[in-house]
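So you can see what is in the structure, the chains are spelled out below.
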Amino acid sequence: MDAHAVTGLPAEPDALLHAVLRANDGTDNARLREVMGSLLRHLHAFAREVGLNYRELEQGLDFLVRIGQATGPKKHEGILLADILGLATLVCLMDARDSLAEGGTEPALIGPFWRDQQPLRANGSRIACANTPGAPLRVNGRVLSLDGRPLAGARVETWQASPKGLYENQDPEQPQMNLRGRFETDADGRFWFDSVRPAGYPVPIDGPCGELLAAQGRHPMRPAHLHFLVVAVGHKVLATQFFDAEDPHAMDDVVFGAVGSLLRRFEPDGEGGFRLDVELRLEPGETRVPHCPLP
Ligand code: BEZ
Ligand code: FE
């Protein structure tokens, strides 16, 4: 050893992790301390398990930088990353654990395409503009509390892709806010509207998430679905989706959202159209409306 060297931390991974965890111990916020402590332990274990080298660390950091650079008012690549990793679905399922144990509706991730200020529409109105192609679809919904009590005056947000598989904000051929709406439930907890049967679609693959999917040899498809987000006084907000059980990707959603009873048959109405009846059961609790990803 160099005669002038002073001994620092032991140059080995366990001592390093110990020092990093000690540095976290002063975090005032108890939850942040817990989350960071666990993250640090798993991050170090992960790097050691795969024998991460410096070139790979640079590649990973560059990937995260590009996730940020691909995010803006029109696109949230960060949400997409959490979605394709299965993290968003995992968090939704954990948040809903108590509700699910008591018969609450399964949740599904919000995704990047919910828009702020979706237009308030009257029950029975049509959310598809006149020249939207596709088979007619009537949606009849009912919002209930876990004990079966109908929830009047609940706010129900819905959004869906067109039969071409594009959301209105991705498609210059659709008018603003096409296939989107906000409804209020009647005294019996009901809402209803007319639309068109949606198609499945690929998640955006023009950014780093697309590169990751390609590198993993994964397809980018989501099965056809309608999104719902329900806000009712005294209840936890429910975000979910109902999926077309006949879609070829019904069992193979790229973001792992098509869980449990959320797969549905769109019933033929005998006149070339379809109907979808849905019941949305919400758990009593604090009403916290999630952050809306798109203006
Ligand atoms: C969506 O359902 O709108 C969606 C979810 C995850 C990624 C992309 C889109
Ligand atoms: Fe969607």
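In the block above lies the structure referred to throughout.
These lines cover the structure that appears in this document, whether it is placed above or below. (Residues numbered from 1 in each chain as written. Chains lettered and ligands numbered in written order. Predicted model: local features only at pLDDT ≥ 70, side-chain atom pairs only at ≥ 80, totals over all residues. Heavy atoms only, no water.)

**Brief notes about the site of ligand 1**
- Within the structure, ligand 1 sits among 13 residues, and Asp 83, Tyr 201, Arg 222, His 225 and His 227 are positioned closest to it.
- Between an oxygen atom of ligand 1 and a side-chain N or O atom of Tyr 167, the distance comes to 3.3 Å.
- Side-chain polar atom of Tyr 201 to an oxygen atom of ligand 1: 2.7 Å apart, as the coordinates give it.
- Burial of ligand 1 by the protein amounts to 100% of the accessible area it has alone, namely 260 Å².
- If you list the elements that add at least two residues to the shell around ligand 1, you get α4 (77-84) and β7 (225-231).
- Split into classes, the residues belonging to the shell around ligand 1 amount to eight nonpolar, three polar and two charged. (Near = heavy atom within 4 Å. Polar contact = N/O pair within 3.5 Å; in protein donor to acceptor, adjacent residues only side chain to side chain. Areas by Shrake-Rupley, 256 points an atom, 1.4 Å probe, with all protein chains shown as cover. Helix = DSSP H or I, 4+ residues; strand = E, 2+ residues; numbered from the N terminus. Nonpolar A, V, L, I, M, F, W, Y, C, P; charged D, E, K, R; others polar.)

**Things to note about the coordination of the iron ion (ligand 2)**
- For the iron ion (ligand 2), the full set of protein donor atoms is Tyr 167 (OH), Tyr 201 (OH), His 225 (NE2) and His 227 (NE2), and the range of their distances to it is 1.9 to 2.1 Å.
- Its six donor atoms give the iron ion (ligand 2) angles of 55 to 163° at the centre, a pattern that matches the irregular case. (Donors = N, O, S within 2.8 Å, 3.2 Å for Na, K, Ca; no water. Tetrahedral: all angles 85-135°; square planar, octahedral: opposite > 155°, others 65-115°.)

**Observations regarding the sheet that holds strand β4 (residues 190-196)**
- Spatially, β4-β1-β11-β10 is the arrangement adopted by the four strands of the open sheet, whose pairing is mixed. Two strands lie at the open edges of the sheet, namely β4 and β10 (267-268), each paired on one side alone.
- The pairing of strand β1 (residues 136-145) with β4 spans seven bridges and is classified as antiparallel. Residue pairing across strands places Leu 137 opposite Ser 195, the latter belonging to β4. (Pairing = 2+ DSSP bridges.)

**Looking at the side chain of Ser 99**
- Here Ser 99 is to be found in helix α6 (residues 97-101).
- The residues touching Ser 99, leaving out its near neighbours within four places in the chain, are Gly 104, Leu 146 and Glu 283. (Contact = heavy atoms within 4.5 Å.)

**Thoughts on the packing of aromatic side chains**
- On inspection of all chains with the given rule, the structure shows eight aromatic pairs.
- Ring centres of Phe 113 and Tyr 167 lie 4.6 Å apart, and the angle between their planes is 25°; on these two criteria the pair is classed as stacked. Taken as a pair, Phe 113 in the loop between α6 and β1 and Tyr 167 in the loop between β2 (155-160) and β3 (180-184) lie far apart in primary sequence, 54 residues in all.
- For Phe 113, a relative accessible area of 7% puts it in the buried group.
- Cluster of aromatic residues (ring-pair linked, three or more members): Phe 183, Phe 191, Phe 193, Phe 228 and Phe 242.
- Across the ring face of Phe 274, the terminal group of Arg 197 is positioned such that the distance to the ring centre comes to 4.3 Å. (Phe/Tyr/Trp six-rings, centres within 6.5 Å; stacked < 30°, edge-to-face > 60°. Buried < 20%, exposed > 50% of the residue type's maximum accessible area, 1.4 Å probe, protein only. Lys NZ or Arg CZ within 6 Å of the ring centre and 35° of its normal.)

**Looking at the sheet that holds strand β9 (residues 263-264)**
- Overall, mixed pairing links the five strands, which are arranged β3-β2-β7-β8-β9 in an open sheet. Each having just a single partner strand, β3 and β9 make up the two edges of the open sheet.
- Where β2 lies against β3, five bridges are found, and the strand directions are antiparallel. Each bridged residue has a counterpart across the sheet, and for Glu 157 the counterpart in β3 is Arg 182.

**Overview of the side chain of Glu 77**
- Its place among the elements puts Glu 77 in helix α4.
- In terms of polar contacts, Glu 77 uses its side chain to reach the backbone amide nitrogen of Cys 209, at 3.0 Å.
- Sequence-distant contacts of Glu 77, defined by excluding residues within four places in its chain, comprise Ile 67, Ala 70, Thr 71, Gly 207, Pro 208, Cys 209 and Gly 210.

**Let's talk about a nonpolar patch on the surface**
- On the surface, Leu 39, Leu 43, Phe 46, Val 50, Leu 52, Tyr 54, Leu 57, Leu 61 and Leu 64 cluster together into a nonpolar patch covering about 870 Å² of accessible area.
- Those elements giving two or more residues to the nonpolar patch turn out to be α2 (30-50) and α3 (54-69).
- Here Leu 39 shows up in helix α2.
- The exposure class of Leu 39 is partly exposed, given its relative accessible area of 44%. (Patch = residues over 30% accessible without salt bridge, like charges linked within 9 Å, V, L, I, M, F, W, Y side chains within 5 Å. Salt bridge = Lys/Arg side-chain N within 4 Å of Asp/Glu carboxyl O.)

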